[in-house]
Amino acid sequence: MCIHGHFYQPPRENPWLEAVEVQDSAAPYHDWNHRVTAECYAPNAASRLLDEQGRIVVLRNNYRRISFNFGPTLLAWMEHTHPDLHAAIQLADRESLRLFGRGNALAQVYAHCIMPLASPRDQQTQVRWGIADFVYRFGRRPDGMWLPETAVDRRTLAVLAENGIRFTILAPSQAARVRYGGGEWADVARAGIDCQRPYRCDLGNGLTITLFFYDGNISHAIAFGGLLNDGRELAQRLTDATKQRPSGEHGTPNGPPPIAHIATDGESYGHHHRFGDMALAAAIETIEREGRVRLTNYAAYLDHVTVVDEVDIHENSSWSCAHGVERWRADCGCRTGGQPGWNQAWRTPLRAGLNWLKAQLDTLFEQQARALLHDPWAARDAYIDVVLRRDSERREAFLHQHARRTPRRPTRTRIWQLLDMQRYALLSFTSCGWFFDEPTGLETTQVLSYAARAIQLAAQLGSDLEPGFLRQLEPLRSNLPEYGSGPDIYRQLVHPQVTDPPRVAAHYAMNSVFTPTARETAVYAYRVTSLDQALERSGDTAITIGRIQLRTEATEESRDFRYAALYLGGHDMHCAVAEETPDYADLKTRLLATFASEPLTELVRHIDRAFGGAFYTLRHLFVAERRRILDHLTAQVVAACSADYERIVNSNRRLLDFLAQAHVPLPPELALAMRFVLRQHLERAVADFLAGTQSADAAVAVWADAQRRSVMPAMDTIRQQLEQALLQAVELVAAGDTPRGVARAHAILDLAQHLGLSLHLWRAQNRYYVMVMAGDRPSWEGTALEQVRGLGERLSFHLRELDAPPPRAD
């Protein structure tokens, strides 16, 4: 038996910043990557197995026992934002080598494009980049590769085979005909294919590939039929599947041993279905304990069988479009829901527009790169090595191998611009851009933003493609009247993201008014070196004047700027940026003197004259810093108001007490003041408790007062503080300070209980489990052992390992 999970999120990075900006629709998380990671990817690396009393008996890394693939761009994001999880996934693949003889991980086509709709050249690059990313992360070549949306044609399969891929996985509906054991070809459109066999697909020119067709019924029940409601039922369905091998007219009892296997989106296990990871872990545990079938992965299975059956596929087919691959180029009727009356006719001009743009970019690339690179397309294939780690060693090795001659700085930048232009052109075909119902959604605007970045790089290389691209988008229409046509969507939702070095310099300048900066500072995908800076304050106003060198990391473009940022108080900022000029020292002296002695309106005029009139405000800050600064400014306003709220409450204390005793609801205005004051008092009392300056009694008293008044303050901040403190308490125990750590953990849990808070124990539980299972854990005996066991009970554990030498951690 083999269980496969396809774990994927579309790339969400702002292409100018190479970072994922805040996505409010994913609240309370920063963005959808963080949300799905918290709900699915991380839980599957430490899934809970429970006993009959609901206590945790083991944490299971599900990735060790299932076949899986992760999108390369998702793993690239995870490597930087969740390195421990990234490492746990890598470890799972290494452990599966020990368990099964072959690793569980499969590669994936790099940018999740619909392969049958890509050009042969782009197909090769997408596959080669996917393989290179896999080797970088897992330290071995992949045996199998996942095709996005399982979209396939024979040309795609040939590209996989040419690049050493042994197998891929398809939906049963994608099989057209089969030949069992060298017999006659038989159509399987009606009877269906035997999904428990591997099949050889002959691609001509001596190329073959093995195809697995997953069990469609069980896979559908997992994704859409509620089968993840009970892990034991899931195990039973999977085990029963091994007894249900078809034996119809075209079947044969001979052939390789059967393999029952399923494939679904990995997000089913936790994101789409809450606690789906635990159902999967319970199913795996049941299957292994009962021993009626043996878990394996596809590559390990192929090592022990001979593939004797043959298959032909339906050309241009996929697992998520009943019309083949039309979902990614036409209004075929496939949709996710949307509103009545909506249509997806916009898919056709989006595909046509991006195809037009890609053709223009390819021509530009080939024309300019052939003078700089031995083989431009081979260089593009190899560029993934630089993308994966942009260090000087990899850059120099790349240029040594592919550049016609050792390039100087401007030529180096031109080479990187050409290659990065191609990278964004490839990313603009990410399949999610067409999958959903409305072109103003996150996914479609994301692929348009990649196109915009490629267009910007083309402009830097001397080719203005934006007007032609917008003409191509003219037939595209949103279902929402306020957005209008494709060019309107582009101007409203994409163009505001477009960033250039002057804006980055302005961001740095404005941010430096509020945050001290080092001489070398990373600003997203740029590196800033401060050459000079002066900062003067006067009351609520401030001015900063400076010189910087700004380097774009991807292209090595380097430019010098001078700047002046005048903070006028509140949210008012006036910032100007210009290329460096020889009169900087005189300008700095004049502006500082004007700030010290002249009206601010005069200073604004001086800045505009010196820098040419164009200016930036806080609106031009990138989202994260803009929100951080605005949060700081609004916090100042709230702090100024807090005294007023306190005065209102204190001045009317007797009336408020009488209203509470008489069970009379507070008027909304007074309730607002009381809720604010109680929240501040409670947060202050909890902070004092955590700092050790007072007991929890003060916080409990404030909470009791809130209950008496029927005014419940917001508790999110307090919950987060207690969760973090609990994790730190467990860290104390792991470090050997058992009495203090255990006592503090109990006190935190007691306080949470008094406050009616249900803490999210996930991180503390993980740390406790790793501590108990570690071979070098502290030596607990007598009272200490009982203390650790008692803490485990509070954290919902029931671990036999505390009474025996620790086994190998899972």
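The shown structure was predicted, so the numbers you read here are calculated from the model rather than taken from an experiment. (Residues numbered from 1 in each chain as written. Predicted model: local features only at pLDDT ≥ 70, side-chain atom pairs only at ≥ 80, totals over all residues. Heavy atoms only, no water.)

A description of the overall build of the protein chain should follow, citing residues and the corresponding values.
Across its full length, the protein chain carries 29 helices and 18 strands. Its C-alpha radius of gyration of 31 Å places the protein chain within 12% of the 28 Å reference for a compact globule of 810 residues. Each of the three principal axes of the protein chain carries a C-alpha extent, and together these read 95 × 75 × 55 Å. Within the span of the protein chain, comprising 810 residues, buried residues form 54% of the whole. Within the protein chain, residue pairs in contact and separated by at least 24 positions form 69% of the contacts whose partners lie at least 6 positions apart. By element, 50% of the accessible surface of the protein chain is carried by carbon and sulfur atoms, the whole surface being about 34900 Å². Here the protein chain carries 88 positive and 96 negative side-chain charges, and the mean point of each set is 2 Å from the other. (Helix = DSSP H or I, 4+ residues; strand = E, 2+ residues; numbered from the N terminus. Rg over C-alpha atoms; globule rule 2.2 N^0.38 Å. Buried < 20%, exposed > 50% of the residue type's maximum accessible area, 1.4 Å probe, protein only. Contact = heavy atoms within 4.5 Å. Areas by Shrake-Rupley, 256 points an atom, 1.4 Å probe, with all protein chains shown as cover. Lys, Arg positive; Asp, Glu negative; His and termini not counted. Charge placed at Lys NZ, Arg CZ, Asp CG, Glu CD.)

Mind laying out the sheet that holds strand β11 (residues 207-213), listing which residues take part and the relevant values?
The sheet built from 6 strands is open, its strands ordered β7-β11-β10-β13-β8-β9 with mixed pairing. Looking at which strands have only one partner, the edges of the open sheet turn out to be β7 (167-170) and β9 (186-187). Here strand β10 (residues 198-204) pairs with strand β13 (residues 309-313) via 2 bridges, running parallel. Following the sheet pairing, Y199 is matched in β13 by D309. (Pairing = 2+ DSSP bridges.)

Talk me through the layout of surface pockets; I want residue IDs and the actual numbers.
Of the pockets and cavities examined, the second largest pocket occupies roughly 1400 Å³. Lining the second largest pocket are 48 residues; nearest its centre among them are A223, F224, D265, W319 and S320. Secondary-structure elements contributing two or more residues to the lining of the second largest pocket are α6 (216-224), α7 (231-241), β12 (261-265), α15 (432-435) and α16 (442-460). In terms of residue count, α6 provides more of the lining of the second largest pocket than any other element does, 7 residues in total. Partitioning the lining of the second largest pocket into residue classes produces 19 nonpolar, 20 polar and 9 charged. (1 Å grid on protein atoms, 1.4 Å probe; cavity = no way out; pocket = protein on both sides within 12 Å on 5 of 7 lines; lining within 4 Å. Points joined across faces, edges and corners; volume = space filled by probe spheres on them. Nonpolar A, V, L, I, M, F, W, Y, C, P; charged D, E, K, R; others polar.)

Describe in detail helix α28 (residues 762-773), supporting the description with residues and values.
Turn by turn, an α-helix covers 3.6 residues, leaving residues three or four places apart pointing in a common direction. Under the 1.5 Å per step criterion, the end-to-end length of α28 is 16 Å for 12 residues, consistent within 8% with the ideal 16 Å. Among all positions of α28, only A764, Q765, N766, Y768, Y769, M771, V772 and M773 are buried. Tucked into the core, α28 has its buried residues touching β2 (47-50), β3 (56-60), α26 (716-734) and α29 (782-794). (Expected span 1.5 Å × (residues − 1).)

Break down the state of the cysteines for me, citing the residues and quoting the values.
In total, this model carries 0 disulfides according to the counting rule given. The cysteine C201 is free of any disulfide, with C195 supplying the nearest cysteine sulfur at 16 Å. Here C432 is not cross-linked by a disulfide; its sulfur's nearest cysteine counterpart is in C113, at 12 Å. Residue C432 is classed as buried on the basis of its relative accessible area of 10%. (Disulfide = S-S within 2.5 Å.)

So what's going on with the sheet that holds strand β4 (residues 67-70)? Residues and values would help.
Paired through their backbone hydrogen bonds, the strands of a sheet run either parallel or antiparallel. Here we have 5 strands laid out as an open sheet, ordered β6-β5-β4-β1-β12, and parallel in their pairing. Either end of the sheet is taken by a strand with one partner, and the two such strands are β6 (145-146) and β12. Bridge analysis of strand β5 (residues 105-108) against β6 gives 2 bridges, and the strand direction is parallel. Considered in β6, the bridge of Q108 is made with W146.

Break down the pattern of salt bridges for me, citing the residues and quoting the values.
Inspection of every chain in the model, using the stated rule, returns 57 salt bridges. A salt bridge links R390 to D420, with the shortest nitrogen-to-oxygen separation between them at 3.4 Å. Of this pair, R390 sits in the loop between α12 (384-388) and α13 (392-402) while D420 sits in helix α14 (residues 409-427); the two residues are 30 residues apart in sequence, bridging distant segments of the chain. Taking the relative accessible area as the measure of exposure, R390 reaches 25% and is therefore partly exposed. Owing to a relative accessible area of 0%, D420 belongs among the buried residues under this scheme. Members of the salt-bridge network, linked through shared partners, are D93, R102, R140, D143, R166 and D303. (Salt bridge = Lys/Arg side-chain N within 4 Å of Asp/Glu carboxyl O.)

Give me the lowdown on the pairing of β12, citing residues and values where you can.
Counting buried positions along β12 yields 4 of 5 residues, so the element is predominantly enclosed. In this structure, strand β1 (residues 2-7) lies alongside β12, joined through 5 bridges in parallel fashion. Its bridge partner being in β12, G5 is matched across the sheet by T264.

Explain the nonpolar core to me, and be specific about the residues and the numbers.
Grouped together as the largest cluster of nonpolar side chains are 168 residues, with contacts concentrated most on Y41, F70, L157, I193 and M421. Top contributing element to this core by residue count: α14, with 9 residues. Once residues lying within four places of it in the same chain are set aside, the contact partners of L157 are L147, V152, T168, C201, L203, I209, L211 and I313. Core analysis: the second largest hydrophobic core is formed by 59 residues, A46, V58, A699 and W780 among them. (Core = buried A, V, L, I, M, F, W, Y, C linked by side-chain atoms within 4.5 Å.)

Before we move on, can you summarise the packing of α16 against helix α18 (residues 486-494) with the specific residues and values?
Describing two packed helices takes the angle between their axes plus the distance from one axis to the other. Running from N to C, α16 and α18 point in directions that differ by 85°, and their axes come no closer than 10 Å. Judged by the angle between their axes, α16 and α18 are roughly perpendicular. Contacts from T445, L448, S449, A452 and I455 in α16 reach I489, Y490, L493 and V494 in α18. Taken together, the residues of the contact of α16 with α18 break down into 7 nonpolar, 2 polar and no charged. (Axes fitted to C-alpha atoms, helices over the stretch in contact; angles between N-to-C directions. Parallel < 35°, antiparallel > 145°, perpendicular 65-115°, else oblique.)

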